[in-house]
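Summary of the model geometry
Read off the chains here:
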Amino acid sequence: MDEERKFPDYEQKWQAKWDTTREKASEATTPKGADNFYILSMFPYPSGKLHFGHALPYTLTDSMARYLRMNGKNVLNPTGWDAFGLPAENAAIEQKSHPSKFTYENIAEMRKQQHAFGYSFDWERELFTCKPDYYKWTQWIFLQMLEKGVAYRKTARVNWCTKCNTVLANEQVQTLIKDGEEFQACERCESRVIPKEIPAWYLRITDYADRLLEGLDKLGDDWPERVTSQQRYWIGRSQGVNIDFTAKLGKSEPLTVFTTRADTVFGVTYVALAPEHPLVEQIIEQSDAKKAKQLREFVKEVLTMTEQDRAGGAEKEGIDTSFKAVNPLNGEEVPIFVANYVLMYGTGAVMAVPAHDERDHEFAQEYKLPIKQVIQPTASGKQEAGARSASEGAVKSIEEEAFTEHGKLINSGKYDGLSTPEAIAKIAADLAAEGKGGEKVNYKLRDWGISRQRYWGCPIPVIHCPDCGIVPVPESDLPVQLPDDVDFLPTGQSPLTLHPNFQHVKCPKCGGDAKRDTDTMDTFVDSSWYFLRYTDPHNDAEIFDKAKCAHWAPVDLYIGGREHAILHLIYARFYTKFLHDIGLINFDEPFKRLYAHGLIQGESIRVVNEHMNRYVSPDEFAKLKKDGKAGDGDITRRIEKMSKSKKNGADPTALMAQYGADAVRLAILFLGPGDADSVWDANGMKGPYGFLRRWYDTVLQYAPKVEDLGELPPGLEFSPAAKALRAASHSLIDKVTREFEGRYAFNTAIAQGMALLNDISTFAKAGVEDDASRYALREAFEAMVLTLSPFVPHTAEELNEALGHKESVFSRPWPKADKQAMQLDEVEIPVQVNGKVRGTIMLPREADKATMEKLAMDNDNVQKFVDGKQIVKLIAVPGRIVNIVAK
RNA sequence: GCGAAGGUGGCGGAAUUGGUAGACGCGCCAGACUAAGGAUCUGGUGUCUCACGACGUGGGGGUUCAAGUCCCCCCCUUCGCACCA
């Protein structure tokens, strides 16, 4: 590809102009009206450079913001920086520099790139989560949560990243497989994660579990199913029954189990405890030395694994404690096991029913425990079982396989004959009546641990006083500033602890010597409320002015990646509900509509031969091929997420330098629908770039012919070709408008813009001499400039000017499609015989069925196919099709 | 295993309501201009077939005058979750 631009570079000219003319989002305090639109793309972490992961959402967002403004909407489209976080701290350690330096340098670079892309952000509202004027309010919210009991402190087992030396939320831990070994790893640095017991701050998100679920229902179709279903799963509500067994230790101890299948309680053949279960310690104390040792070792072994590791498919193992538990429903005594497969969920103890639970079945077979069937397949249940057995050959016996579906109770005393749901309800009621349990709801969702033992984050505004205990920092003392001069090498304890002055403080309550909390907050806290601060970003008296916030919030359209489906999006929803509850806002869902954009991937090439075994870039491969060091047979091509190590990345900024911002914006949008993953093609610039060049050339060539024309005079007579062009112009307006009004498949809108340019070329080359044709041509140019302006703002401005407009294309109103002009006088209609197209007929648009049928029958080719046959049926759909059924 | 999204030319993708499958772009082929082309322009391009035509949206069945689109069964791919009792 030629390095040189083939048409003038006018982009900086327009960017400079926009900098001075850009209309600012309104500051009004009136309640949000229909004209206000808050569009937001997830603010970025300042990682260094703008990549495709940013360019796609920002281009989508910018296009929509520009469209909305042209439609007279009052638009808020802010951006900022999710600027606290570990990468900056780790980079600073490596480069012996400071996280803030790394962070602000990256921000400067990325801001420059965003500007070069022509993004129309509300820069005066730019915010930085790492600045005291922002985190003051992050701390303030924490204090509100503390006061309401939503924030609390406890000591618990946490996920500890061995490299970052800090705590990770469950959500930040991922399962990795390396060298055949499966283990739990830090989402960011991929190092091993181990469990550790430390005191930390928690937010009671579990109290909001039901509301978080209900909220999802309300969001309905405005959020993608894949996001809401993931959140539902993550919250993991399960409705079941607590049943109080009795553990026969020295004295009787209550042993409560949680089950969703209370109907199987007569099938219990043992009870299994999680190693963390409080009763385990008592059991060990009361066991003989040998058993106690055995149990201790087992518990220790299991607890050195993270929960995820334990779940990772290890063999089911357990130890018979030799103690018994009594089933409250039938008085049976069953052995108590401690088992690795039981998690500290629900009560941390399960009633094991091998006949009707796969896990218990597996365990029972291993330890030769009885399997007692208490549920029988019913007619409807059998149907499913039957379908399965048909494929597997035979119905398996209960010894071979657990029957886990619903059915009818047997061997269950007075409950015999009841169905699963009936039995669950009855048993729950009976237990409740006797005070031995009852209905219970559990959630997978855990409270959110937010303490981090690292430096580059928001300090937690509390003081630990030896006399008064935990004392919140008084609001007037906020923010608790993060000191600059801290040695933040990760040692496992919070760097702030090492600062000479930071932690030494007088207790605000008693005035005695006390210590500040030296942990910082998880950065997900910072991003859980930033969208509200944008509505009043410079307020230093309060978190935001309620009325100003109400002028914009909630966000109408939130654009971001799917990787945030659970983490950020569930935390932000939780924060919004909390802020609603303390009366700051009058809505409790932050994002009305969520648009989850896709991932732009790249094709990687891996060469494996006698010379090498590594990833190469396409250029490298071409060279290797030329040098005879690699051939097509030696390579594996794979579509993967772009990454440096796989050499499959493309740099949007480099492409922008070569082809211009508009061409890159267009190429990104043209790749495919924005919500689908797509693959970047090295040739992906050619089409869009060539289109912009042809468009530019065509407008400049014909502008002199059309620039003196005013408004379209009424009653103009158009030639058929001019009418066709007008139809194409108005169809484009209609098409682009519809895409912006909800579907957002801009690739198809752009395709139609390209098609109109093709039509224009054909039309113009045929000669444009009469006035009507000149008007039609002008109309086509205008339609293109206006409808494509949100995607390629610089080119649109330039061509708008070339067409003689003095004002910016963005201060012109969005065009309206003329439905009349979209219609052609004559339409081509396919004629089918027995469902196969045998010809087409041209006929007036308003032709009735009879005319269609007659013309269809007159068609020569159609005649050939119906000749000698009897016409059974004639279907004519006006404007669509004629189908002749002949025998 | 569970949940979600997908499977259409050589490739990215279109077909929004059941109505001419393959818009638009890339690539490819031919031609023009040219000292030259990895530039630009013009035309062509689903497969098979000289052609008439036949076939064609992962596979199989069904509904319909008509199915990429609706219904049933199956296969495959990607993503997320995965002992939550």
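Residues numbered from 1 in each chain as written. Chains lettered and ligands numbered in written order. Predicted model: local features only at pLDDT ≥ 70, side-chain atom pairs only at ≥ 80, totals over all residues. Heavy atoms only, no water.

1. With respect to the overall build of chain A
Looking only at helices and strands, one finds 29 helices and 35 strands in chain A. A principal-axis box enclosing the C-alpha atoms of chain A has dimensions of 105 × 85 × 70 Å. Within chain A, contacts between residues at least 6 apart in sequence are counted, and of these 73% link residues at least 24 apart. Only carbon and sulfur atoms are counted for the fraction: they give 50% of the accessible area of chain A, which is about 39500 Å². (Helix = DSSP H or I, 4+ residues; strand = E, 2+ residues; numbered from the N terminus. Contact = heavy atoms within 4.5 Å. Areas by Shrake-Rupley, 256 points an atom, 1.4 Å probe, with all protein chains shown as cover.)

2. A short note on the sheet that holds strand E33 (residues 836-844)
If you trace the four strands from one edge of the open sheet to the other, you get E33-E32-E35-E34, paired in mixed fashion. Each having just a single partner strand, E33 and strand E34 (871-877) make up the two edges of the open sheet. Strand-to-strand twist of the sheet, defined as the mean angle between neighbouring strand axes without regard to direction, takes the value 20 degrees. Pairing of strand E32 (residues 826-833) with E33 involves eight bridges; the strand directions are antiparallel. Residue valine 831 lies in a different strand from E33, and its bridge partner there is glycine 839. (Pairing = 2+ DSSP bridges. Axes fitted to C-alpha atoms, helices over the stretch in contact; angles between N-to-C directions.)

3. Re the pattern of salt bridges
Within this structure, the stated rule accounts for 51 salt bridges. For lysine 248, the salt bridge goes to glutamate 333, with nearest N and O atoms at 2.5 Å. Residue lysine 248 is found in strand E10 (residues 238-248), and its partner glutamate 333 is found in strand E14 (residues 333-339); the two are separated by 85 residues along the sequence. Of the residues examined, glutamate 333 reaches a relative accessible area of 43% and is grouped as partly exposed. Of the charged contacts in the structure, one is a salt bridge between aspartate 357 and arginine 359, with a shortest N-O distance of 2.5 Å. Here the residues in one salt-bridge network are Arg211, Lys218, Arg573, Lys577, Asp581, Asp588 and Glu589, joined through shared partners. (Salt bridge = Lys/Arg side-chain N within 4 Å of Asp/Glu carboxyl O. Buried < 20%, exposed > 50% of the residue type's maximum accessible area, 1.4 Å probe, protein only.)

4. Quick notes on a negative patch on the surface
A surface patch of like charges, here negative, comprises Glu301, Glu315, Glu317 and Glu366. Tracing the chain through its elements places glutamate 315 in the loop between helix H10 (307-311) and strand E13 (318-326). (Patch = residues over 30% accessible without salt bridge, like charges linked within 9 Å, V, L, I, M, F, W, Y side chains within 5 Å. Lys, Arg positive; Asp, Glu negative; His and termini not counted. Charge placed at Lys NZ, Arg CZ, Asp CG, Glu CD.)

5. Description of the packing of helix H23 (residues 720-743) against helix H24 (residues 746-765)
Orientation of H23 relative to H24, taken along the N-to-C sense of each, is 165 degrees, at an axis distance of 9 Å. One element, H23, and the other, H24, form an angle in the roughly antiparallel class. Viewed along their axes, H23 and H24 form a crossing whose handedness is left-handed. Contacts between H23 and H24 involve Ala721, Ala722, Leu725, Ala728, Ser729, Ser731, Leu732, Lys735, Val736, Glu739, Phe740 and Arg743 from the former and Phe746, Thr748, Ala749, Gln752, Gly753, Leu756, Asp759, Ile760 and Phe763 from the latter. (Parallel < 35°, antiparallel > 145°, perpendicular 65-115°, else oblique. Left-handed = near helix turned anticlockwise from the far one by under 90°.)

6. What to know about the confidence of the model for chain A
On average, residues of chain A score 88 in pLDDT, and 94% of them are at 70 or above. Confidence, read as mean pLDDT per element, is least for helix H12 (residues 379-392) in chain A (40) and greatest for helix H16 (residues 530-533) (98). pLDDT under 50 marks residues 380-394. Its contacts with residues more than four places away, or in other chains, come to nine contacts. (pLDDT = per-residue confidence, 0-100.)

7. Topic: helix H26 (residues 793-802)
By the criterion of burial, H26 is predominantly enclosed, with eight of the ten residues buried. Among the residues making up H26, those that are buried are Pro793, His794, Thr795, Ala796, Glu797, Glu798, Leu799 and Asn800. Where H26 is buried, its residues contact helix H1 (11-21), helix H2 (52-70), helix H21 (661-670), helix H22 (686-706) and helix H25 (771-788). At the C-terminal side of H26, glycine 804 shows a positive phi close to 100 degrees.

8. Some details on the nonpolar core
Counting residues in hydrophobic clusters, the biggest one holds 181 residues, and the most contacted among them are Phe142, Trp448, Tyr530, Phe574, Trp695 and Phe791. Top element by residues in this core is H25. It accounts for eleven residues. Sequence-distant contacts of phenylalanine 142, that is, excluding residues within four places in its chain, are made with Ala151, Trp201, Leu203, Ile450, Ile460, Pro461, Val462 and Met521. Counting residues in each nonpolar core, the second largest holds 55 residues, with Ala247, Ile284, Ile398 and Ala428 among its members. (Core = buried A, V, L, I, M, F, W, Y, C linked by side-chain atoms within 4.5 Å.)

9. Quick word on the packing of aromatic side chains
Going through the model one piece at a time under the given rule, you end up with 45 aromatic pairs. With a centroid separation of 5.3 Å and 45 degrees between ring planes, the pair formed by tyrosine 341 and phenylalanine 363 is classed as tilted. Placement of the pair is tyrosine 341 in the loop between E14 and strand E15 (349-352) and phenylalanine 363 in helix H11 (residues 358-366), with a sequence separation of 22 residues. Like tyrosine 341, the residue phenylalanine 363 is buried in the burial classification. The interplanar angle of 45 degrees and the centroid separation of 4.7 Å between the aromatic rings of phenylalanine 740 and phenylalanine 746 together place this pair among those described as tilted. (Phe/Tyr/Trp six-rings, centres within 6.5 Å; stacked < 30°, edge-to-face > 60°.)

10. Observations concerning the packing of H21 against H26
The packing of two helices is summarised by the inter-axis angle and the distance between the axes. As a packed pair, H21 and H26 sit with axes 7 Å apart at the nearest point and diverge in direction by 125 degrees. One way to sum up the angle between H21 and H26 is to call them oblique. Along its contact with H21, which presents Ala661, Asp662 and Arg665, the element H26 presents Pro793, His794 and Thr795. Here the residues of the contact of H21 with H26 are counted per class, giving two nonpolar, two polar and two charged. (Nonpolar A, V, L, I, M, F, W, Y, C, P; charged D, E, K, R; others polar.)

11. A few points about the environment of isoleucine 205
Summarising the element assignment, isoleucine 205 is placed in the loop between strand E9 (193-203) and helix H6 (209-219). Counting along the chain gives 291 residues from isoleucine 205 to leucine 496, while the straight-line C-alpha distance between them is 27 Å. Once you skip the residues sitting within four places of it in the chain, isoleucine 205 turns out to touch Leu212, Leu445, Arg446, Asp447, Trp448, Ile570, Tyr571 and Phe574.

12. Remarks on the sheet that holds strand E23 (residues 504-506)
Ordered by their spatial adjacency, four strands build an open sheet running E22-E21-E24-E23, and the pairing between neighbours is antiparallel. Sheet topology places strand E22 (469-472) and E23 at the edges, where each strand pairs with a single neighbour. Strand-to-strand twist across the sheet, computed as the mean angle between neighbouring axes with direction ignored, equals 40 degrees.

13. A look at H1
Residues spaced three or four apart along an α-helix face the same direction, because each turn holds 3.6 residues. All buried positions along H1 are accounted for by Glu11, Trp14, Gln15 and Trp18. Angularly, the buried residues of H1 cover 105 degrees about the axis, an arc narrow enough to put them on a single face. Opposite the packed face of H1, turned more than 90 degrees from it, sit the exposed residues Gln12 and Thr20. Against H2, helix H4 (99-116), H21 and H26 lie the buried residues of H1. (Arc of directions from axis to C-beta.)

14. Considerations on the pairing of strand E11 (residues 252-259)
Across eight bridges, E10 lies against E11 in antiparallel orientation. Bridging across to E11, aspartate 244 finds its partner in threonine 256. Between the end of E10 and the start of E11, which pair antiparallel, lie three residues.

15. Some remarks on the side chain of aspartate 662
Tracing the backbone through its elements, the reader meets aspartate 662 in helix H21. Buried charge without a salt bridge: aspartate 662, with arginine 665 as the nearest opposite-charge side chain at an N-O distance of 4.4 Å. When neighbours within four sequence positions are excluded, aspartate 662 is seen to be in contact with Glu11, Leu692, Phe791, Val792, Pro793, His794 and Thr795.

16. Some remarks on the pairing of E9
Pairing of strand E5 (residues 151-161) with E9, which is carried by eleven bridges, proceeds in the antiparallel orientation. Among the inter-strand pairings, cysteine 161 is bridged to a residue of E9, identified as valine 193. Pairing analysis gives two bridges linking E9 to strand E19 (residues 448-449), with the strands arranged antiparallel. By the bridge assignment for E19, tyrosine 202 is matched with glycine 449.

17. Side note on the environment of methionine 70
Tracing the sequence through the fold places methionine 70 in helix H2. Given a relative accessible area of 5%, methionine 70 falls into the buried group. C-alpha of methionine 70 to C-alpha of proline 815: the two residues are 745 residues apart in sequence and 9.1 Å apart in space.

18. Some words on the environment of valine 173
Relative to the assigned elements, valine 173 resides in strand E7 (residues 173-178). The spacing of valine 173 and methionine 145 is 28 residues in sequence and 26 Å in space, taken between C-alpha atoms.

19. Things to note about unusual backbone geometry
That bond from leucine 478 to proline 479 is cis: its omega, -5 degrees, falls within 30 degrees of zero. Here proline 479 is to be found in the loop between E22 and helix H14 (495-498). Cis peptide bonds are those with omega within 30 degrees of zero, and the linkage from alanine 553 to proline 554 qualifies with 0 degrees. Phi at tyrosine 744 takes a positive value of approximately 60 degrees, unusual for a residue other than glycine. Along the chain, tyrosine 744 falls in the loop between H23 and H24.

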